[in-house]
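Each chain is listed here by its residues.
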Amino acid sequence: MTVGKQIAVVGAVVVRDGRVLAARRGPAMSLPGTWEFPGGKIEPGEGPEQALVREMREELLCTVEIGAHVATTTHAYDFGTVTLTTFLARVVAGEPQPTEHSAVRWLSVDELGSVEWAPADLPAVERLRRILRT
């Protein structure tokens, strides 16, 4: 079931030394306090990978190289239906620093369940658990 506005977003699954980058949504964002893979909305004329590189530069002040597709999920929220496409990513310049998020953390595979993920991110979290445990 889709609800209201359709919103296409991308998320970066940044893995470094066996740890995964997670970002906590800030108080001015929808779903404040929940954790997500950082990223954002795809703008008109952008491809998903282009959008993700731009969003990471804008929101976390770092440059990423985009890798393989992880998951695409659709979740109906009260504000609209979000289709989230996540990709593996690697930081190639800068260190992630939150500008809109209230925090960022590097989580081990065992710590992935220790934070409250935004519902649209959960399928990618589960897939990542399986990938990192193999």
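Right above here is the structure, for reference.
Quantities reported herein were computed from a predicted structural model and do not represent experimental measurements.

## Quick notes on the overall build of the protein
Within the protein, the secondary structure is distributed over 2 helices and 7 strands. Mapped in sequence order, the helices and strands of the protein form the string β-β-β-β-α-β-β-β-α. Taking 2.2 N^0.38 as the reference for a compact globule, 134 residues should give roughly 14 Å; the C-alpha atoms of the protein span a radius of gyration of 14 Å, in line with that estimate. A total of 134 residues make up the protein; the buried ones form 45% of that total. Only carbon and sulfur atoms are counted for the fraction: they give 53% of the accessible area of the protein, which is about 6,700 Å². Here the protein contributes 14 positive and 17 negative side-chain charges, whose respective centroids are spaced 3 Å apart.

## Overview of the pattern of salt bridges
On inspection of all chains with the given rule, the structure shows 8 salt bridges. A salt bridge links Arg16 to Glu95; its shortest N-O distance comes to 3.0 Å. Within this pair, whereas Arg16 is found in strand β1 (residues 6-16), its partner Glu95 is found in the loop between β6 (80-93) and β7 (103-108), the two being separated by 79 residues in sequence. Overall, the relative accessible area of 29% leaves Arg16 in the partly exposed class. Residue class for Glu95 comes out partly exposed when judged on its relative accessible area of 39%. Notably, a salt bridge pairs Arg54 with Glu46, separated by 2.6 Å at the nearest N-O pair. Overall, the relative accessible area of 16% leaves Arg54 in the buried class. Salt bridges linked by common partners bring Glu46, Arg54, Glu55 and Glu58 together as one network.

## Remarks on the environment of Gly67
Inspection of the secondary structure puts Gly67 in strand β5 (residues 63-77). According to the relative accessible area criterion, Gly67 is partly exposed, its value standing at 38%. Spatially, the C-alpha atoms of Gly67 and Leu112 are 21 Å apart, while their sequence positions differ by 45 residues. Those residues within four positions of Gly67 in sequence are excluded, and the remaining contacts are Phe87, Leu88 and Ala89.

## Digging into the environment of Val125
One can find Val125 in helix α2 (residues 122-133). Residues Val125 and Glu36, 89 residues apart in the sequence, show an inter-C-alpha distance of 9.3 Å. If we skip the residues at most four places from it in the chain, Val125 touches Phe37, Leu112 and Trp117.

## Re the nonpolar core
Generally speaking, nonpolar side chains in soluble globular proteins are found buried as a group. One finds Val13, Val20, Trp35, Phe37, Leu107, Leu112 and Trp117 to be the most contacted residues of the largest nonpolar core, which totals 16 residues. At the level of elements, β2 (19-24), β5, β7 and α2 are the ones that each hand at least two residues to this core. Beyond its immediate stretch of four places on either side in the chain, Val13 contacts Val20, Phe37, Val70, Thr86, Phe87, Leu88, Ala89 and Leu128. Membership of the second largest hydrophobic core comes to 13 residues, among which are Val10, Val14, Leu21 and Cys62.

What counts, and at which threshold
Residues numbered from 1 in each chain as written. Predicted model: local features only at pLDDT ≥ 70, side-chain atom pairs only at ≥ 80, totals over all residues. Heavy atoms only, no water. Helix = DSSP H or I, 4+ residues; strand = E, 2+ residues; numbered from the N terminus. Rg over C-alpha atoms; globule rule 2.2 N^0.38 Å. Buried < 20%, exposed > 50% of the residue type's maximum accessible area, 1.4 Å probe, protein only. Areas by Shrake-Rupley, 256 points an atom, 1.4 Å probe, with all protein chains shown as cover. Lys, Arg positive; Asp, Glu negative; His and termini not counted. Charge placed at Lys NZ, Arg CZ, Asp CG, Glu CD. Salt bridge = Lys/Arg side-chain N within 4 Å of Asp/Glu carboxyl O. Contact = heavy atoms within 4.5 Å. Core = buried A, V, L, I, M, F, W, Y, C linked by side-chain atoms within 4.5 Å.

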